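# Per-entry structural report
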Amino acid sequence: MIFMSNEENQQKVVVSLEDLLAQADALKKYIDYLQKTYAELQDNIMSIDSSLQALKELQNSQELLMVGDKRGNVIFKVQGIDKAKVLVHLGLEYYAEVDPDFATKVLNDKKTELSSVLSNVEKELAKSLEAYKEIADILNQAQQQLQAQQNKGG
Amino acid sequence: MTERIPPELQTQLVKLQQLQDQLNRLLTEKNVIDSELREVNKILQELSQLPAGTTVYKIVGNLLVKTDKETVQKELDDRKEILELRSRTYQKQENLLRTQLEDLQKKVNELLAKYYPQSGGAVKA
């Protein structure tokens with residue numbers, strides 16, 4: 001058991017070590033989940049940035065190179081591209097054939113939305129890490145107290 | 001030696017846990033529906049800004065199937081209607097489960113007060 005006393009009104013809260021460890025474990029899982037979500041969101045935003053960059057480049061390019069696979073084992077030269085229309089992902093399973101300006105607008109909207117979610121996840125992550133640190137500090141304190149008692153007794 | 005929990009209290013605690021699990025499952029399913037509904041609304045909003053007759057492609061397996069704005073709008077309106085109906089159903093179930101949970105919590109707290117009057121402990125879900 002851990003006894004924590006609040007100096008002002010001398011209230012004592014008794015928390016079992018098992019409860020604290022369980023709480024720390026649950027928090028750890030939640031933090032892992034948040035970190036995974038954070039990484040996925042960042043990846044999504046980077047993908048959108050790449051597409052926005054590609055749309056910009058499309059207007060200036062005379063000739064484009066298309067990579068055949070992820071490792072770039074073969075690259076094709078592409079000419080005669082219709083620069084007036086691109087397919088943009090609207091969401092779910094739908095793509096619309098639109099002009100590059102509208103595609104840019106759709107992608108920027110998506111990016112803004114994802115950035116807002118990313119910011120919320122970041123705040124939640126900071127809060128959870130702080131809570132985890134507090135529990136870890138209490139557990140360390142308890143361990144030190146226990147060792148001190150054992151040293152006295154020994 | 002640990003004290004055994006009275007059977008009456010044990011039964012109610014098991015029920016409480018089951019209700020809590022049921023609510024968690026329901027909320028997970030409701031979140032999926034609400035998330036899809038938000039996505040549908042977003043697509044409909046984007047489509048409304050496109051000129052009539054705009055070509056739209058739909059992913060079917062590994063294929064992109066050509067269709068048009070109006071067809072997709074109709075498709076998404078139907079989908080939205082179904083999702084809203086399901087969301088409302090989930091909301092009703094959630095309200096019902098929360099009421100049941102509150103009632104059961106009161107019952108458990110009464111039993112705790114009856115069997116462990118000195119601790120004055122209360123359960124919160």
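Read on for a plain summary of the structure. (Residues numbered from 1 in each chain as written. Chains lettered and ligands numbered in written order. Predicted model: local features only at pLDDT ≥ 70, side-chain atom pairs only at ≥ 80, totals over all residues. Heavy atoms only, no water.)

It is worth spelling out the interface of chain B and chain A at this point. Contacts between the two partners involve 20 residues from chain B, matched on the other side by 16 residues from chain A. Roughly 1600 Å² is buried in total at the junction of chain B and chain A, and carbon and sulfur atoms are behind 63% of that figure. Where chain B meets chain A, there are three salt bridges. The shortest N-O distance in the salt bridge between Arg 79 of chain B and Glu 93 of chain A comes to 3.1 Å. Summed over the shared surface of chain B and chain A, the number is seven residue pairs in polar contact (both at pLDDT 80 or more). Those elements that place two or more of their residues in the side of chain B that touches chain A are helix H1 (7-48), strand E1 (55-60) and helix H2 (69-115) of chain B. Top element by residues in the side of chain B that touches chain A is H1 of chain B. It accounts for seven residues. Considered class by class, the residues forming the side of chain B that touches chain A number ten nonpolar, three polar and seven charged. Across three bridges, strand E6 (residues 94-98) of chain A lies against E1 of chain B in antiparallel orientation. Each residue of the ladder has a partner; that of Ala 96 of chain A, found in E1 of chain B, is Val 56 of chain B. (Contact = heavy atoms within 4.5 Å. Buried area = accessible area lost by both parts, 1.4 Å probe. Salt bridge = Lys/Arg side-chain N within 4 Å of Asp/Glu carboxyl O. Polar contact = N/O pair within 3.5 Å; in protein donor to acceptor, adjacent residues only side chain to side chain. Helix = DSSP H or I, 4+ residues; strand = E, 2+ residues; numbered from the N terminus. Nonpolar A, V, L, I, M, F, W, Y, C, P; charged D, E, K, R; others polar. Pairing = 2+ DSSP bridges.)

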